Amino acid sequence: MAIKRNKITVVGAGFTGSTTALMLAQKELGDVVLLDIPQLENPTKGKVLDMLEAGPVLKFDARITGTSSYGDAADSDIVIITAGIARKPGMSRDDLVNTNAGIVKSVCENVKRVAPESIVIILSNPVDAMTYVAFRTLGFPKNRVIGQSGVLDTARYCTFIAEELNVSVEDVRGFVLGGHGDDMVPLVRYSSVGGIPIETLIPAERIAEIVQRTRVGGGEIVSLLGNGSAYYAPAASLVQMTEAVLKDKKRIIPVIALLEGEYGYDGLFMGIPALLGAEGIEKIFELELTAEEKAALDKSADSVRAVTSVVTI
Ligand SMILES: NC(=O)c1ccc[n+]([C@@H]2O[C@H](COP(=O)([O-])OP(=O)(O)OC[C@H]3O[C@@H](n4cnc5c(N)ncnc54)[C@H](O)[C@@H]3O)[C@@H](O)[C@H]2O)c1
Ligand SMILES: O=C(O)C[C@H](O)C(=O)O
């Protein structure tokens, strides 16, 4: 019997998509298809050829295809959607909602056609609302439609904690819940370094500054770049989620999932801790929250509801 190779399609070959494709190939997680619009087929093929030529130097074997044809994405195990426009300085992610809803919808119509059994991971912003658009368009069960925000937001939070304490990032644990906006909720009470609660190591006012820097972490990079948004850490986050699914790792990480009563929200896509494995989202964890934490999460949920409600698909 032939051994089946994993197939991962990345839609959108811009900054996040092409970086993700390279990281997936470097980790040898499967055959990678990088897909963009027909007008950008040659640049997409060029990026892919360049990636392949990095293989002998970095020592990875990969099959990567650059394309604009959904036929190449047929029967993908995972489809990652990065297609869409990115914000510029002065914009919020929500300003992208109408343009990107149309793009994500058209991408998902094709994904539904060629890869009906796939697990779909959405990155395009505003990502909570775009995960809703994908779910509605795909018609897949909720465990197979996953949005990315929490891995990235948590990574930023952990980076700042590690910098503050001058310790390894590997020893920092934390969780960021809620929508991928400026009122996301880094959960300080559940954050630790080497098992030691950060509240015993960092003064409260510095923790408050770290929380605020995390909340506007995407905007900090948008301002510095001047034209476009972050892509290295977002790509790394997508790769972590992909690996969790393809290797059935049963990782507990924050993702955007459809909430049906969890945390008191119904019919809302928002970031919560979940178990990721071969079935996609296999379980949602409901953490005990204080009244203050719940109020912060309610505020974030209101923002997600507001942007989701303007989507017309
Ligand atoms: N959720 C997150 O944490 C997070 C993190 C980073 C970026 N993002 C979002 O991801 C999106 C992409 O960011 P980027 O930096 O890669 O942008 P980018 O402009 O570099 O790349 C986007 C690509 O999408 C392609 N595209 C547009 N319409 C398409 C379609 N119909 N089919 C296929 N491809 C299409 C474009 O041609 C372009 O190559 C943005 O919306 C950005 O805000 C989200
Ligand atoms: O900030 C952005 O617009 C991109 C992304 O959502 C991020 O957080 O880096």
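The name given to the protein in an unreviewed UniProt entry is Malate dehydrogenase, and the organism recorded there is Paenibacillus sonchi. Listed in UniProt under the heading Function (unreviewed entry), the comment for the protein reads: "Catalyzes the reversible oxidation of malate to oxaloacetate."

## Looking at the site of ligand 2
In the vicinity of ligand 2, the residues found are Arg87, Arg93, Asn125, Leu152, Arg156, His180, Gly218, Ser229 and Ala230. Within the side chain of Arg87, a nitrogen or oxygen atom sits 2.5 Å from an oxygen atom of ligand 2. Here an oxygen atom of ligand 2 and a side-chain polar atom of Arg156 are 2.7 Å apart. Considered on its own, ligand 2 offers 260 Å² of accessible surface; in the complex 95% of this is hidden by protein. In the shell around ligand 2, the residues fall into 2 nonpolar, 4 polar and 3 charged.

## So, helix 8 (residues 217-225)
Because each turn of an α-helix spans 3.6 residues, side chains separated by three or four positions end up pointing in the same direction. Inspection of helix 8 places Gly217, Gly218 and Val222 among the buried residues, and these make up the whole buried set. All buried residues of helix 8 project into a common sector of 140° when viewed along the axis, lining one side. Facing away from the buried side of helix 8, by more than 90 degrees, are the exposed residues Ser223 and Leu224. Looking one or two places after helix 8, you find Gly226, whose phi comes out positive at around 85°.

## Section: the site of ligand 1
Among the 27 residues in the neighbourhood of ligand 1, the closest are listed as Phe15, Thr16, Asp36, Ile85 and Leu123. Contact between ligand 1 and His180: an oxygen atom at 3.3 Å from a side-chain N or O atom of the residue. Isolated, ligand 1 exposes 860 Å² of accessible area, and the fraction of that covered by the protein chains is 86%. The greatest single-element share of the shell around ligand 1, amounting to 3 residues, is contributed by helix 4 (residues 97-114).

## Some points on the packing of aromatic side chains
Each aromatic ring pair is summarised here by two numbers: the centre-to-centre distance and the angle between the ring planes. This model, assessed by the stated rule, comprises 3 aromatic pairs. Taking 5.3 Å as the distance between ring centres and 55° as the angle between the ring planes, the aromatic pair formed by Phe135 and Phe269 counts as tilted. In this pair, Phe135 sits in helix 5 (residues 127-138) while Phe269 sits in strand 13 (residues 266-277), placing the two residues 134 residues apart along the sequence. Residue Phe135 is classed as partly exposed on the basis of its relative accessible area of 22%. Clustering of aromatic rings is evident, with ring pairs tying together Phe15, Tyr231 and Tyr232. For Arg144, the ring lying beneath its charged end belongs to Phe140, and the centroid distance is 4.5 Å.

Conventions and cut-offs
- Starting afresh in each chain, residues are numbered from 1 along the sequence in its written order.
- Key to labels: chains lettered from A, ligands numbered from 1, both in the order written.
- This being a predicted model, a pLDDT of at least 70 is required before a residue's local features are given, and a value of 80 or more before pairs of side-chain atoms are given or counted; all residues contribute to the totals for chains, interfaces and linings.
- Based on all heavy atoms of the structure, the side-chain values leave hydrogens and waters out of the count.
- UniProt positions are given in the numbering used here, feature names are shortened, and annotations may be inferred rather than shown by experiment.
- Neighbouring residues are identified by heavy atoms, a residue being near a molecule or strand if any of them is within 4 Å of it.
- Think of a polar contact as two N or O atoms within 3.5 Å of one another; within protein, one of them needs to be a possible hydrogen donor and the other a possible acceptor, and neighboring residues in sequence only count if both atoms come from side chains.
- Note on areas: Shrake-Rupley, 1.4 Å probe, and residue coverage restricted to the protein chains presented here.
- Basically, the charged four are Asp, Glu, Lys and Arg, the nonpolar ten are Ala, Val, Leu, Ile, Met, Phe, Trp, Tyr, Cys and Pro, and anything else, Gly included, counts as polar.
- Burial classes: relative accessible area under 20% of the type maximum marks a residue as buried, over 50% as exposed, and values in between as partly exposed (1.4 Å probe, protein chains only).
- Numbering of helices and strands runs from the N terminus, with a helix taken as a DSSP run of H or I at least four residues long and a strand as a DSSP run of E at least two residues long.
- What the arc describes is the spread of directions from the helix axis to the C-beta atoms.
- Side-chain rings of Phe, Tyr and Trp (the six-membered ring for Trp) are treated as a pair once their centres are within 6.5 Å; stacked means planes under 30 degrees apart, edge-to-face means over 60, and tilted covers the remaining angles.
- In our convention, an over-ring charge means Lys NZ or Arg CZ found within 6 Å of a ring centre and within 35 degrees of that ring's normal.

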